[in-house]
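The primary structure of each chain is shown beneath.
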Amino acid sequence: MRARTAILCSVADQGVAALTNILVLVAAARLSTVADFARFSAVYLVFTVLLGVSGAYSGQPLVLRRGDGEGIRGACRSAVVFTVAVSAALGALLAAVCLLVPGDTARALTMLGLVLPAVLGQDALRYAFSALQQPHLALSADVVRLACVLGALSDQEYGASPARLIAVWGLSALPALLLSAVLLHRRTAGSSTRLRPMLGRGHLGKRFVVEFGVGNATSQLSVLGLGAVGNPLLVGALRGATTLFGPLNVLFTSATSFGPPLLGRIGDERRRVRAAAGLAAVLAATAALWATTLALLPEKAGRELLGDTWPTAAALLPATGSQYAAMAVGTAGLLALRMLDPRTTLSIQVVFSLTAVALMAGGYALGGVPGAAWGLCLGSLCKAAATWTRVARIRRGKTAPDEVVTADALPSAP
């Protein structure tokens, strides 16, 4: 596939995936009371953490590989099988534990455990198609996913429990999962499936999971913690605000996850860094424009989107919009670092993610929920500045000829 076509398909695929995620949360907000949406948001936040861990361990090392032969095909099959197997085991454990716990949240977590292999497996297949440089296949599957989830949620009535909504949302991934599995099998038939290398000592996924754990997961879990010890509606309020930025959230994650195969087509390292800098400007401008559009929405339109959650979410729009503009710059910086040296991002993730958590907690202590939102914004701004400072230092410090990440520099292909 030509580079321009591949980029268009990748952007379209991320747009469809983003639209699916935001419509799921919008539908849940409209079908739920404020309390039920807070419970749904908490469970969906758990899924988001698990999704990030899965992508970091099996997906991101996969898309950093180069080549289109037997090695990459076998790596794709192995990554998908590994993801489905591990998610089935973790999902069964989660469901078994939550069956013993009373409450609506526990029942929703039980349902999440049951549908976990389907939703994580479908996401793993998207990474496989990206690594195979066939993003149009991921786009086809995600269009099916969008149609199925909208059809399933549109049949639900107001007041549906969080457990029911989680079950409907998860089961709607099965058609897309089956379609993706068939498409992948046709393109990797005969390739070996080896899971042992994914558990090996040199697997980059272990490092990327640590980065994710101290990066995205730390802030998300800290929101749950503040909701548990402070105001329980904090989770719903922040989640409602970030729901409005759902397309950008998925786009940022996809940039670091699916961007390397596209930027890898640019042969010169300096041009790749410039492309990442241009991407930072475009994403930041998009975030600012989106935040402005949301701030100008009439209250009636806002309530159509988020129902009773709209007033609390609208109050956080200035802070959340500023945070996403900073996140755009930091995301592009991380993408540049992944292309320069994928082992250099861990220290930044550790230091500045923990800094963001501290700023969020301090902001909550000083100003409640709005203070927590501004604390997250300041943390994202610091992280973006540190990321691009590291990119500049690496570029200045390089005296050897330009190098690209190759399969030889990564763990051996299965």
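None of the values given here were measured: they were computed from a predicted structure.

Caption draft 1: Layout of the overall build of the protein. What the protein contains, in helices and strands, is 15 helices and zero strands. By the burial criterion, 52% of the 414 residues in the protein qualify as buried. In the protein, of all internal contacts separated by at least 6 residues, the share reaching a separation of at least 24 is 84%. For the protein, the exposed surface amounts to about 17,600 Å²; the carbon and sulfur share of it is 65%.

Caption draft 2: Broad picture of the environment of A163. Take A163: it is sitting in helix α6 (residues 162–171). Not counting the four nearest positions on each side in its chain, A163 is found in contact with R107, A108 and M111.

Caption draft 3: Just the packing of helix α11 (residues 269–295) against helix α14 (residues 317–340), in detail. In the contact formed by α11 and α14, the axes pass within 8 Å of each other and the chain directions differ by 165°. Judged by the inter-axis angle, α11 sits roughly antiparallel to α14. For the crossing formed where α11 meets α14, the hand is right-handed. Together, E269, R272, V273, A276, L279, A280, L283, A284, A287, A291, L294 and A295 of α11 and L317, G321, Y324, A325, A328, V329, A332, L335, A336, M339 and L340 of α14 make up the contact between the two elements. Grouping the constituent residues of the contact of α11 with α14 by class yields 20 nonpolar, one polar and two charged.

Caption draft 4: The arrangement of a nonpolar patch on the surface in detail. Taken together, the side chains of L99, L100 and V101 make up a nonpolar region of the molecular surface, amounting to roughly 350 Å² of accessible area. You can see L100 is positioned in the loop between α3 (70–98) and α4 (104–131).

Caption draft 5: Summary view of helix α2 (residues 34–63). In the structure, α2 departs most strongly from a straight axis at A56, where the bend amounts to approximately 45°. α2 sits mainly inside the fold: 23 of its 30 residues count as buried.

Caption draft 6: Structural detail: the pattern of salt bridges. A complete count under the given rule lists six salt bridges for this structure. Residue R126 pairs with D13 through a salt bridge whose shortest N-O separation is 3.2 Å. Pair noted here: R126 is in helix α4 and D13 is in helix α1 (residues 3–31), with a separation of 113 residues, a long-range link. Its salt-bridge partner being R39, residue D36 comes within 2.6 Å of it at the nearest N-O pair. With D36 and R39 both in helix α2, this residue pair falls three residues apart, about one helical turn. Taking the relative accessible area as the measure of exposure, D36 reaches 13% and is therefore buried.

Caption draft 7: Local environment of unusual backbone geometry. One non-glycine residue with positive phi stands out, namely Q133, at about 60°. Using a relative accessible area of 36% as the deciding quantity, one classes Q133 as partly exposed.

Caption draft 8: Molecular detail of α6. With eight of its ten residues buried, α6 lies for the most part within the structure. For α6, the complete set of buried residues consists of P162, A163, L165, I166, A167, V168, W169 and G170.

Caption draft 9: Examining the environment of V143 more closely. Mapped onto the elements, V143 comes out in helix α5 (residues 135–154). Separated by 127 residues in the primary sequence, V143 and V16 have C-alpha atoms spaced 6.6 Å apart.

Caption draft 10: Main features of the packing of aromatic side chains. Under the counting rule described, the total for this entry stands at five aromatic pairs. Between F40 and Y44, the ring centres sit 5.8 Å apart and the planes meet at 20°, which makes this aromatic pair stacked. Of the two residues, F40 and Y44 both sit in helix α2, four residues apart, roughly one turn of that helix. Consider the rings of Y57 and F82, whose centres lie 5.5 Å apart with planes at 15°: the pair is stacked.

Caption draft 11: Representation of the packing of α14 against helix α15 (residues 346–397). Relative orientation of the contacting elements α14 and α15 amounts to 25°, with a least axis distance of 9 Å. With respect to their mutual orientation, α14 and α15 come out roughly parallel. Note on packing geometry: the crossing formed by α14 with α15 is left-handed. Grouping the amino acids of the contact of α14 with α15 by side-chain chemistry returns 20 nonpolar, seven polar and two charged.

So, how was this worked out
Residues numbered from 1 in each chain as written. Predicted model: local features only at pLDDT ≥ 70, side-chain atom pairs only at ≥ 80, totals over all residues. Heavy atoms only, no water. Helix = DSSP H or I, 4+ residues; strand = E, 2+ residues; numbered from the N terminus. Buried < 20%, exposed > 50% of the residue type's maximum accessible area, 1.4 Å probe, protein only. Contact = heavy atoms within 4.5 Å. Areas by Shrake-Rupley, 256 points an atom, 1.4 Å probe, with all protein chains shown as cover. Axes fitted to C-alpha atoms, helices over the stretch in contact; angles between N-to-C directions. Parallel < 35°, antiparallel > 145°, perpendicular 65-115°, else oblique. Left-handed = near helix turned anticlockwise from the far one by under 90°. Nonpolar A, V, L, I, M, F, W, Y, C, P; charged D, E, K, R; others polar. Patch = residues over 30% accessible without salt bridge, like charges linked within 9 Å, V, L, I, M, F, W, Y side chains within 5 Å. Salt bridge = Lys/Arg side-chain N within 4 Å of Asp/Glu carboxyl O. Bend = angle between axes of the 7 residues up to and from the residue. Phe/Tyr/Trp six-rings, centres within 6.5 Å; stacked < 30°, edge-to-face > 60°.

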